[in-house]
Amino acid sequence: MTSMHHGDIAIVGAAETTDIGVRPDLSVLGLHAEAARNALADAGLTAKDVDGVATAGPLALEVSHHLGIEPRWLDGTMVGGCSFMLHVRHAAAAIAAGAADVVLVTHGESGRSRVGVAPWAPNPASATGQFEAVYGAQTPYSTFTLPALRFLHERGMTREHLAHVVVAQRTWALNNPRAFRRKPTTVEEVLAGPTIAYPFTRDMCCVVTDGGGALVLTTAERARDLPGGDRAVYLLGSGESAEGPLVSQMADPGSFAAFRKAGEEAFRTAGISHADVDHLMAYDAFAHVPLYMLEDLGFVGRGESGDFVAEGNTLKGGSLPMNTNGGGLSYTHTGMYGMFAIQEAVRQLRGEAVEQLPKADISFVQGVGMFFAAAGSLVLSRHQG
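Residues numbered from 1 in each chain as written. Predicted model: local features only at pLDDT ≥ 70, side-chain atom pairs only at ≥ 80, totals over all residues. Heavy atoms only, no water.

- Named according to an unreviewed UniProt entry, the chain is Thiolase originating from Nonomuraea coxensis DSM 45129.

### As for the sheet that holds strand S11 (residues 374-381)
For step 1, the next point in the chain: Strand order in the open sheet made by the nine strands is S3-S2-S4-S7-S1-S8-S11-S10-S9, with mixed pairing throughout. Of all the strands in the sheet, just strand S3 (73-75) and strand S9 (279-282) have a single pairing partner and so form its edges. Within the sheet, the average angular offset between the axes of one strand and its neighbour, ignoring direction, is 25°.
For step 2, the next point in the chain: In terms of strand pairing, strand S2 (residues 52-55) meets S3 through three bridges, oriented parallel. When the bridges of S3 are listed, alanine 54 appears paired with aspartate 75.
For step 3, the next point in the chain: Its contacts with the sheet put helix H11 (residues 289-296) on S9 and strand S10 (362-369), and the angle it makes with S10 is roughly 120°. (Pairing = 2+ DSSP bridges. Helix = DSSP H or I, 4+ residues; strand = E, 2+ residues; numbered from the N terminus. Axes fitted to C-alpha atoms, helices over the stretch in contact; angles between N-to-C directions. Contact = heavy atoms within 4.5 Å.)

### So, the side chain of serine 330
For step 1, the next point in the chain: If you trace the backbone, serine 330 turns up in helix H13 (residues 327-330).
For step 2, the next point in the chain: Overall, the relative accessible area of 0% leaves serine 330 in the buried class.
For step 3, the next point in the chain: Setting aside its immediate chain neighbours within four residues, serine 330 contacts Gln169, Arg170, Ala173, Ala179, Phe180, Arg181 and Val207. (Buried < 20%, exposed > 50% of the residue type's maximum accessible area, 1.4 Å probe, protein only.)

### Structural notes on the packing of helix H1 (residues 28-43) against helix H2 (residues 60-67)
For step 1, the next point in the chain: At a closest axis distance of 10 Å, the pairing of H1 and H2 adopts a crossing angle of 60°. Between H1 and H2 lies a crossing of right-handed hand. Contacts from Leu29, His32, Ala33, Ala36 and Arg37 in H1 reach Glu62, Val63, His66 and Leu67 in H2.
For step 2, the next point in the chain: Of the residues belonging to the contact of H1 with H2, the class tally is five nonpolar, two polar and two charged. (Left-handed = near helix turned anticlockwise from the far one by under 90°. Nonpolar A, V, L, I, M, F, W, Y, C, P; charged D, E, K, R; others polar.)

Structure representation (structure tokens):
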């Protein structure tokens, strides 16, 4: 095997923690462990079958030790919320190269209850510590304001377009019992909500939750011999990129270079076109991010994303169903959302989603990390090739 693309690697296990939302009963490490055990059970495997572990914190070796795994491959790549897209890509490369046979990718965060969370403070020696944090750009909502306003201004869009994203995401969450926000809302109600940092009102910002998820990857050949082999999801293509740690120094605040580069590589390695995509999971920590993704990935033209969402194209029966679990705005957001986007893509391709699409053969999953710093893209399919 020489390639991690074109369906050679399969996701054979995928599961979230038993409950998500508010979990003061479990620490960060406990959330990792619960998700891992659920995913291994879903795959019909045990910890003894795993020889590779990837996570974005705590250390991969802490997770492996806690689960009783003796790894021969570890990945601790940490680039924020899209880390898990990169973990899948890296795990696929490791399996293809023979560096691992079965890789477990785990995530767990006590974003709401803060149980077992290490204290955080900006590094004053870092670029962001020297040139952004000292001026008050310390939180996601305050850091994202400038690019969001630039994006809207250049395209002649308004805050109503952001509100339409919220309403669309909430529509998908209404019937999802695991979603954190399930109350119906309108554009007017979203705009009338408390202002967090202009242009964002409360519902334009992600929820804050506890929870986790895990994935189990192996070769497509081995997947066929597993009890759940008929539920395997295949990796067709992937991409990763980064622009830099400073949002204030983006080459173009109205378009994210890493989205464009990672997305282009994912489409190229998968050998598909935009028309082949049935389902899009577009990381939505804030209401403007999916609009960037729609344009930077090439699903719509420049300046067309706002109306595309407002016209219902991302809803049930739309041309491109997006964030069908409710997304980070309504479903869950523990701090790093990428794992949950992958989980919903897997559910849709397996035919197991709460809001199951009538046709879901190929799902494109796009992640963002650290406020327009990094990006990861995956193309997943229910068919091997």
